[in-house]
Amino acid sequence: MSQKTNIKNGVGAEVKLVVKVFDLLPSPPDGVTMAAGVAAWLPFARAAAIGWMPVANLPMPIAPTDKNKRQDELIVLNVSGRRFQTWRNTLDRYPDTLLGSSEKEFFYNEETREYFFDRDPDVFRSILNFYRTGKLHYPRYECISAYDEELAFFGIIPEIISDCCYEEYKDRKRENAERLMDDLEDSKDSKLPNMTFRETMWRAFENPHTSTMALVFYYVTGFFIAVSVITNVVETVPCGSTPNQRDVPCGERYTVAFFCMDTACVMIFTVEYLMRLFAAPSRYRFMRSVMSIIDVVAILPYYIGLVMTDNEDVSGAFVTLRVFRVFRIFKFSRHSQGLRILGYTLKSCASELGFLLFSLTMAIIIFATVMFYAEKGSSSSKFTSIPASFWYTIVTMTTLGYGDMVPKTIAGKIFGSICSLSGVLVIALPVPVIVSNFSRIYHQNQRADKRRAQKVQKARLARMRISKTGSSNAFLHSKRNGMLNQALELTGSTGEDRHLNKTTSLIESQHHHLLHCLEKTTNHEFVDEQLFEQSYLESALQSLPSRSPSLSSQEGITGTCCSRRAKRGSRPSSEAHKPSHMHPHTHNLQELSAIHIQCGEQRTLNTSRSSLNMRPDESGGLNCKSSSQVTTAIISIPTPPTNNSPTSPEAPPNLASNSSAGVVKVSAL
Amino acid sequence: MKAKDRDQSLSDSRELDGSYDQLTDSIEDDFELSTVCQRPEGLEKLQQLTKFTKKELQVLYRGFKNECPSGVVNEDTFKVIYSQFFPQGDSSMYAHFLFEAFDTNKNGSVSFEDFVIGLSIILRGTINDRLNWAFNLYDLNKDGCITKEEMLDIMKSIYDMMGKYTYPCMQEDAPREHVEIFFQKMDRNNDGVVTIDEFIESCQKDENIMQSMQLFDNVI
């Protein structure tokens, strides 16, 4: 009995303090409860709190009562005919899912006294196992979209799929998404919202199958590339001889014809290049891309040739330039996906190729040296110098064996054979690596970039972190609400039944009670990280006011870490307060509570009731901003400046007289 | 010959692999250590030993077995389980003390019997039993009295569970001060230690403590 009255007196004040502190908190997401199996150990954790009781100086909060105390019972879940049975407590572990909340009552079948769900029983197995073991697994044989639907139906976020199955899940999901995107793109291509002419052109260039014009263009350019390359080749073929001269290449014989052909091709290429340049969304980026460089290199020699006269000096250079015309063949890579992949493979296998080159070079130098010194003795040896031996070594190692240079001495022959044997090995080694790279990239080209997977992984971890901090936030949040709920019930105003948020599960409320007991034991409160840093910052920035002597024993600057905030909060409503009341705002919680212990202060019930009944129509209760006025006024109930030191508090009588002033303030608001 | 070559190549590859440590890795480690599985005494025996009903024992055992399939809890698992209830702070020290208190036969693991006997005292015992158990928890070296150092350790472990983000900010000497208060309250003859009698006497005089002891009636 005494417990109850004590709580009535004590809780009222404490409630307001709590509200005061936490009215600045943003409303957190729904708390995620702890892991499944651990919920079963909650009674143990609560029992372990016995260690705190004898050392606590404050009274403990009331425990949440098990309103409908029923024995743990089996419930039957009938999923499309397959019956699953489990304990009710198992499902209660996750109150923010369908099965854990009261939502499942919608599916309760009175006649058969079971819960019927018209869903897939195979997927339900893994969902129910999640409740039992706390781990959600993704069965590989299951279709990804069906699984997602089931998860969504039962209110489970996919991010909590355990690590053993998460990779698989994400891969399948990504494939599915890409498939959907491809379908979407195909359907999108058919309809063209009003795109500018420039965008249309660019799309035509990039995806030739979008329109007939683009296709025609695609084939025409391809044809002309082929023509140009063939022309270059045929140009050098000797075709017929005039009687008085030796065989001349066709190019010199039909100069005009070839020149016209070349001009035509270059015309086409130039026009194409300029059109692409015009249509490109980012001209700078286009000009830097490989394909455009190839285009430029392909057509530039012609223009340079036009500009240059047929001068003897530069004709050599001019001939060199014509070599670059062969680069036109690279323009085919726009037409061939495989060619692009090959190029990309070589680029990505650069390290393997480099290794190949390096090891070959080492071997070549070694063997060339050896062969040179071995063949030095023999007469008329072709191995005149080590660089000259390089040619032999390369030809031998690659098993070409032209035979233009052969060793004649016995030592030379021995080393020559060793050279060719080792050549086979050295070249064969990096090749499989390059081949596997090519195959991997080819397959990878079919899927999205792995970088997107990294981002998703980060997002997943972030989301899990949020839901984990949600559990501590849930405590802070429910402190705000739960204490009020309890206080409301106790003061008899449960008629309005102002439950300020969704009813938390019994397990959650018990857990929160446990944390609250710890707070009471240590006389400190859990706060949000942001709030903590705020208060720390404030205390660091601002200088301390004159301290009451008993407080000064405690601190450096950190001692008032939260005092400033308390002061600021109280300032708006403190006009009528005497200045002396300002001082004791520091360590409000401790002081008020300390007084409670030491003075056995009897606060009138009126105080608590009147303040709590202040706003009967507010569904949000005392959480909303205007309540800060209420609460801070209450805080301004002056408390004598005491701390936890056993020295007797100063002027307890002041409290009695001032508290009435405090009451007045409260009711005025 | 083939087996020898394979072993040889295995050891060669191990040498090339810089991360291989000769001392700890060995072929034997590749085999899983068979896990120890311990079964508790029968239900009837436990009912005699504790004050729980059969159903309560069943519920407790199910939870226990779920988290510790091998039937015993070792200290690390104990700490992990306990830490899940206190996300903001570090509960390992307090869990360590708890473990010591539950592990009555000092064999480094808590079996279901130990677990349930401890719980029975706390949740179903008389107030005096509970106070005795708490005293046993505080008395780290089990010598019958609590010294200031022992109390300080306990207090620090409790304060550690609060974590960093508290209001008001946690002072360095908060535990020490709290210990001072405790000793002033409990240590009747001011000899620097608190004996069991002093402890029980002081607790019985303190109304808060008596009320909080009653909290445990409804836990299960």
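Rules and cut-offs
Residues numbered from 1 in each chain as written. Chains lettered and ligands numbered in written order. Predicted model: local features only at pLDDT ≥ 70, side-chain atom pairs only at ≥ 80, totals over all residues. Heavy atoms only, no water. UniProt positions renumbered as here; feature names shortened; annotations may be inferred. Helix = DSSP H or I, 4+ residues; strand = E, 2+ residues; numbered from the N terminus. Axes fitted to C-alpha atoms, helices over the stretch in contact; angles between N-to-C directions. Parallel < 35°, antiparallel > 145°, perpendicular 65-115°, else oblique. Left-handed = near helix turned anticlockwise from the far one by under 90°. Contact = heavy atoms within 4.5 Å. Nonpolar A, V, L, I, M, F, W, Y, C, P; charged D, E, K, R; others polar. Pairing = 2+ DSSP bridges. Salt bridge = Lys/Arg side-chain N within 4 Å of Asp/Glu carboxyl O. Buried < 20%, exposed > 50% of the residue type's maximum accessible area, 1.4 Å probe, protein only. Buried area = accessible area lost by both parts, 1.4 Å probe. Polar contact = N/O pair within 3.5 Å; in protein donor to acceptor, adjacent residues only side chain to side chain.

Chain B is annotated in an unreviewed UniProt entry as EF-hand domain-containing protein of Electrophorus electricus. Regarding chain B, the relevant UniProt record gives this comment under Subcellular location (unreviewed entry): "Cell membrane". The UniProt entry for chain B carries the following comment under Sequence similarities (unreviewed entry): "Belongs to the recoverin family."

Student: What's the story with the environment of Phe355(A) in this structure? I'm lost.
Tutor: For Phe355(A), the position within the fold is in helix α16 (residues 350-375). Separated by 75 residues in the primary sequence, Phe355(A) and Pro430(A) place their C-alpha atoms 7.7 Å from one another.

Student: I tried to follow the UniProt feature "domain: EF-hand" (unreviewed entry) in chain B on my own but got confused; where do I start?
Tutor: With numbering aligned to this structure, UniProt lists the feature "domain: EF-hand" (unreviewed entry) at residues 90-125, 126-161 and 174-209 of chain B. Taken end to end, residues 126-161 of chain B is 69% helix and 8% strand, and its first and last C-alpha atoms sit 28 Å apart.

Student: Please clarify how the packing of helix α5 (residues 121-133) of chain A against helix α6 (residues 144-153) of chain A should be interpreted in this entry.
Tutor: When two helices pack together, their arrangement is given by the angle between their axes and by how far apart the axes lie. Residues and elements named next belong to chain A. Where α5 contacts α6, the two axes come as close as 10 Å, and the packing angle between them is 55 degrees. Taken together, the axis directions place α5 and α6 in an arrangement best described as oblique. By crossing handedness, the relation of α5 to α6 is classed as right-handed. Contacts between α5 and α6 involve Val-123, Ser-126 and Ile-127 from the first element and Tyr-147, Glu-150 and Leu-151 from the second. When its residues are assigned to classes, the contact of α5 with α6 shows four nonpolar, one polar and one charged.

Student: Could you clarify how one ought to interpret the pairing of strand β2 (residues 82-87) of chain A in this entry?
Tutor: Looking along a regular strand, one sees the side chains alternate between the two faces of the sheet. Residues and elements named next belong to chain A. For strand β1 (residues 74-79) and β2, the ladder comprises six bridges, and the chain directions are antiparallel. Bridge pairing in β2 links Leu-74 to Trp-87. Hairpin connection, β1 to β2: the antiparallel pair is bridged by two residues, and Ser-80 has positive phi, about 50 degrees.

Student: Just checking my understanding: could you explain the pattern of salt bridges for this structure?
Tutor: Pairing is possible between side chains of opposite charge, provided their charged atoms come close. Residues and elements named next belong to chain A. As enumerated under the stated definition, the model contains 23 salt bridges over all chains in all. Between Arg-325 and Glu-235 there is a salt bridge whose closest N-O contact spans 2.7 Å. Residue Arg-325 is found in the loop between α14 (312-323) and α15 (337-348), and its partner Glu-235 is found in the loop between α9 (212-234) and α10 (250-253); the two are separated by 90 residues along the sequence. On the basis of relative accessible area, Glu-235 is assigned to the buried category, the value being 13%. Here the residues in one salt-bridge network are Glu-272, Arg-276, Asp-295, Lys-331 and Arg-334, joined through shared partners.

Student: What am I meant to see in the interface of chain B and chain A here?
Tutor: Accessible area lost upon the coming together of the parts is a frequently used measure of interface size. In this complex, chain B contributes 63 residues to the contact, which on the side of chain A involves 68 residues. Counting each side, the surface lost to burial between chain B and chain A is near 5,700 Å², with a carbon and sulfur contribution of 68%. Among the residues chain B hides against chain A, the three largest losses belong to Phe85(B), Tyr165(B) and Tyr167(B). Together they make up 16% of the total. Where chain B touches chain A, the interface holds zero salt bridges. Summed over the shared surface of chain B and chain A, the result is 12 residue pairs in polar contact (both at pLDDT 80 or more).

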